[in-house]
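Read off the chains here:
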Amino acid sequence: MRHLWPLRAAEAAAQSAAAYRRHGLPRRQRAAETRAWRLARRCEGARTPALTGLAMPQLTARQRQIAQLAASGLSNQDIADRLVLSRRTVANTLVQVYERTGLNSRAELADILFT
C-alpha cells in the first residue's frame, strides 16, 4: 500500500488542477499540474483518467537554460554574466518561468529540472 502514495498524490494534484481551472485560478492550476506531473513521473508509466495528458511545463530553450542555471545555484548576476544578458532580463525570464510552471522558488525548479 505504501508504494501507491505517489500515484494517489499525483491524481489528487491533477484533480486539484481541474478544480482550479474551473474556478479561474490559472497560477494555482499550473502549480497543481506541475506537482501532478512531478509525482506521476515516480509511478513508472501508470495511467489513470486524472493523469491523462499531463506533461512537463513547456519552456522555451532560453527559459529552460536560465531556469537550469538558477536551479543549480547561480545568482541572477552570475547568470547574466555567463549568458551576456542584463540582470533584469534574467529576472524577467525567471518570472515567466515561475508563471508558466506555477512554481515559486529555485529549489522547486531544481526538483522538476534535475529529478
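Look up a bit, the structure's there.
As the structure is a prediction and not an experimental result, all values here were calculated from the model.

> Could you clarify how one ought to interpret the layout of surface pockets in this entry?
Gaps left between atoms show up when a probe the size of a water molecule is rolled over them. Each pocket or cavity is described by its volume, and for the largest pocket that value is around 170 Å³. Ala17, Glu33, Gly53, Leu54 and Ala55 are, among the 14 residues lining the largest pocket, the residues nearest its centre. Those elements giving two or more residues to the lining of the largest pocket turn out to be helix H1 (5-22) and helix H2 (26-40). Considering only residue class, the lining of the largest pocket consists of 7 nonpolar, 3 polar and 4 charged.

> What is the right way to read the nonpolar core from this model?
Generally speaking, a soluble globular protein has its nonpolar side chains buried in company with each other. Judged by nonpolar contacts, the single largest core of 21 residues is most densely connected at Ile66, Ile79, Val90, Leu94, Leu109 and Leu113. Looking at this core, the elements with two or more residues in it are helix H3 (61-71), helix H4 (76-83), helix H5 (87-101) and helix H6 (106-113). The element best represented in this core is H3, accounting for 5 residues. Each residue touching leucine 109, except ones within four places of it in the same chain, is listed here: Ala67, Ala71, Leu94, Val97, Tyr98 and Leu103. Counting residues in hydrophobic clusters, the runner-up holds 9 residues, among them Leu7, Ala10, Ala13 and Leu39.

> Got a minute to help me understand the pattern of salt bridges in this structure?
Oppositely charged side chains are able to pair whenever their charged atoms sit close together. Counted by the stated rule, this structure contains 4 salt bridges. We note a salt bridge from glutamate 99 to arginine 30, for which the minimum N-O separation is 3.3 Å. Of this pair, glutamate 99 sits in helix H5 while arginine 30 is found in helix H2, placing the two residues 69 residues apart along the sequence. Taking relative accessible area as the criterion, arginine 30 reaches 23% and is therefore assigned partly exposed. A network of salt bridges, in which partner residues are shared, links Arg27, Arg30 and Glu99.

> Can you walk me through the environment of alanine 91 in this structure?
Examined against the element boundaries, alanine 91 turns out to sit in helix H5. When its relative accessible area of 28% is taken as the criterion, alanine 91 is described as partly exposed.

> Can you help me understand the side chain of asparagine 76 in this one?
Along the chain, asparagine 76 turns up in helix H4. Judged by its relative accessible area of 18%, asparagine 76 is buried. A polar contact is formed between the side chain of asparagine 76 and the side chain of arginine 106, at a distance of 2.3 Å.

Reading guide: rules and limits
Residues numbered from 1 in each chain as written. Predicted model: local features only at pLDDT ≥ 70, side-chain atom pairs only at ≥ 80, totals over all residues. Heavy atoms only, no water. 1 Å grid on protein atoms, 1.4 Å probe; cavity = no way out; pocket = protein on both sides within 12 Å on 5 of 7 lines; lining within 4 Å. Points joined across faces, edges and corners; volume = space filled by probe spheres on them. Helix = DSSP H or I, 4+ residues; strand = E, 2+ residues; numbered from the N terminus. Nonpolar A, V, L, I, M, F, W, Y, C, P; charged D, E, K, R; others polar. Core = buried A, V, L, I, M, F, W, Y, C linked by side-chain atoms within 4.5 Å. Buried < 20%, exposed > 50% of the residue type's maximum accessible area, 1.4 Å probe, protein only. Contact = heavy atoms within 4.5 Å. Salt bridge = Lys/Arg side-chain N within 4 Å of Asp/Glu carboxyl O. Polar contact = N/O pair within 3.5 Å; in protein donor to acceptor, adjacent residues only side chain to side chain.

These figures come from the coordinates and say nothing about function on their own.
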